[in-house]
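The lines below spell out each chain.
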Amino acid sequence: MAPSTEVLDGGWGWAIVVASFMAQLLAYGSPQSVGVLYPEWLHAFQEGKGMTAWVGSLVAGVGLIASPVCSACVDNFGARPVTIFSGVMVAGGLMLSAFAPNVQFLIFSYGIVVGLGCGLVYAATLTITCQYFDKRRGLALGIVTTGTSVGAFIYASAQNELIVLYGLDGCLLIIGAVALNLMACAGFMRPLNMPGYYLKQKAALERNTEEQLFEKPPLDDLKITTGSTTTTPEKALTVKELLITIDAKDLAIQSEKKKGSFLAGLSIMKVIKKKQQAYSKYMQSMYEILQDQAMVAICIAVFLFSLGAFPPVLFIEDVAQSEGLIEEVSVIPLVSIGAIATCVGKLALGMLVDIKWINGIYLYGFTMIAGGVALLLIPLTKSYLGLQILSVVLGFFSGNWSLTSYITTQIVGLERLTQAHGILMFFGGFGIMLGPPVVGWFFDWTQSYDLAFYFSGGCVELGAIILFLLTLPCWNRKNSDSNRPDVHYTSNCEKVASVA
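Rules and cut-offs
- Residues numbered from 1 in each chain as written.
- Predicted model: local features only at pLDDT ≥ 70, side-chain atom pairs only at ≥ 80, totals over all residues.
- Heavy atoms only, no water.
- Helix = DSSP H or I, 4+ residues; strand = E, 2+ residues; numbered from the N terminus.
- Expected span 1.5 Å × (residues − 1).
- Buried < 20%, exposed > 50% of the residue type's maximum accessible area, 1.4 Å probe, protein only.
- Arc of directions from axis to C-beta.
- Contact = heavy atoms within 4.5 Å.
- Polar contact = N/O pair within 3.5 Å; in protein donor to acceptor, adjacent residues only side chain to side chain.
- Core = buried A, V, L, I, M, F, W, Y, C linked by side-chain atoms within 4.5 Å.

A. Highlighting helix H20 (residues 384-397). Counted at 1.5 Å a residue, the expected span for H20 with its 14 residues is 20 Å, and the 20 Å between its end C-alpha atoms agrees. If you check which residues of H20 are buried, you get Tyr384, Gly386, Leu387, Leu390, Ser391, Leu394, Gly395 and Phe397. Buried residues of H20, seen end-on, are gathered within an arc of 160° and therefore sit on one face of the element. Looking at the buried residues of H20, the elements they touch are helix H16 (293-309), helix H17 (311-322), helix H18 (334-352) and helix H19 (360-377).

In structure tokens form, the structure reads like this:
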């Protein structure tokens, strides 16, 4: 099913934007404001802060680490079925968490189940938005991805009120029921391109036309071209496209069986050999990407920033209560303040990096320095107003996630952007998953958050130093690393999916 040029950048695409915005709001609202639930879990289960922190770290990190799997699900089944399934996962995980007898069960129900559901929503909404927009794709994605921050702002206050009215269990049941509306959002996600799974089913049913179906799909239909208009079709094939075409050819084995088992065996061996070559090419490409010194530097920086800057999302409310700065969560929690600041930071930093004379790598390093300073000042703050100000500062500079796609393009170019950004997100997810438990363990050891936040701020500052040192102009890097290419996202949907 070829996409229609008339529907791009408007029409039903704006309905897709609204549906995707609401889907991210419903899915990420509770996980992004998990800091409101954290003190309640500490009181309910009487576990250590390190063990309880695994709940919040997993729900944020699992989706990023599993992003390649989530993207593969969207490619094969389409955005609508995946969003429906993710709605069941998110709602089911939240409702199941209401009956959790211990923290270990909560780690599975809230951390893993809800986290994977959020990862599926993220991949599905960005993919379907990319399909419907071309020239206005950046604007559309910017609107969609702010759904996470708006959701965090609304859910932080809503969960606080629901806990007061109905208790922790009632709160989780209600927000789980609200999350079922993800399936309603999926109803608006009318596909433009037929997913790979349905193409295979169609090929299996229409044997008479299988030769046409096994032809190499047009690059425009697959939406995975490299953006070059001069390359030959053979050179333009990405590893992902090669794997898709090989999977389609697997069905041809059925017709070979009619000619004899010997020919069928040869066909099987041929397919296996081609798949091995494709996966070998994929691994070789990943190895080449990690050979770039600047790429290694940004991976380390993203890991250390995620390790240090994410814990305040989970612990900041408990910090205020532990220090006696406030008896209970305020009407507008610190999590909500940080979420709105992050939303503003994404948009502002995204506009700054578009200025030609601003280097994206150095801008990211500056955000790390400023965020690290805010983390180091948290233990020194003795007023609730001070925590509010630091939440704004840290939230704003945490919006540097919007810079990652630009930086990756600057380092590896458009051809390898999708693959390189997947590697970058893995490091980010790994840091997010480890950060809160480490901070919690520091508290269990010292009975104070001071050393924990000094450690977090030190990690962020160390990441900034490593980033600046490894990307100094004196290093003899390739010319392609020093010259920033023009960023054109119109050729590949996945290449703009990193704007969040």
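B. Molecular detail of the side chain of threonine 52. Looking at the secondary structure, you find threonine 52 in helix H3 (residues 49-65). A polar side-chain atom of threonine 52 sits 2.9 Å from the main-chain carbonyl oxygen of glycine 48. Sequence-distant contacts of threonine 52, defined by excluding residues within four places in its chain, comprise Tyr38, Trp41, Leu42, Glu47 and Val103.

C. Broad picture of the environment of methionine 433. For methionine 433, the position within the fold is in helix H22 (residues 417-446). Along the chain, methionine 433 and alanine 53 lie 380 residues apart, while their C-alpha atoms are 9.4 Å from each other. With near-sequence residues (within four places) excluded, methionine 433 lies in contact with Trp54, Ser57, Leu58 and Ile65.

D. Quick look at the nonpolar core. Trp41, Tyr110, Met295, Ile298, Phe315 and Tyr364 are the most contacted members of the largest nonpolar core, which totals 121 residues. Among the elements that line this core, the one with the most residues is helix H6 (residues 103-132), at 15 residues. With sequence-adjacent residues up to four places away left out, phenylalanine 315 is seen in contact with Tyr38, Ala53, Pro436, Val439, Gly440, Tyr449 and Phe453.

E. Quick peek at H17. The terminal C-alpha atoms of H17 lie 15 Å apart, and with twelve residues this matches the ideal 16 Å at 1.5 Å per residue to within 8%. In terms of burial, H17 is largely enclosed, as nine of its twelve residues are buried. Taken as a whole, H17 has its buried residues at Pro311, Pro312, Leu314, Phe315, Ile316, Glu317, Asp318, Val319 and Ala320.

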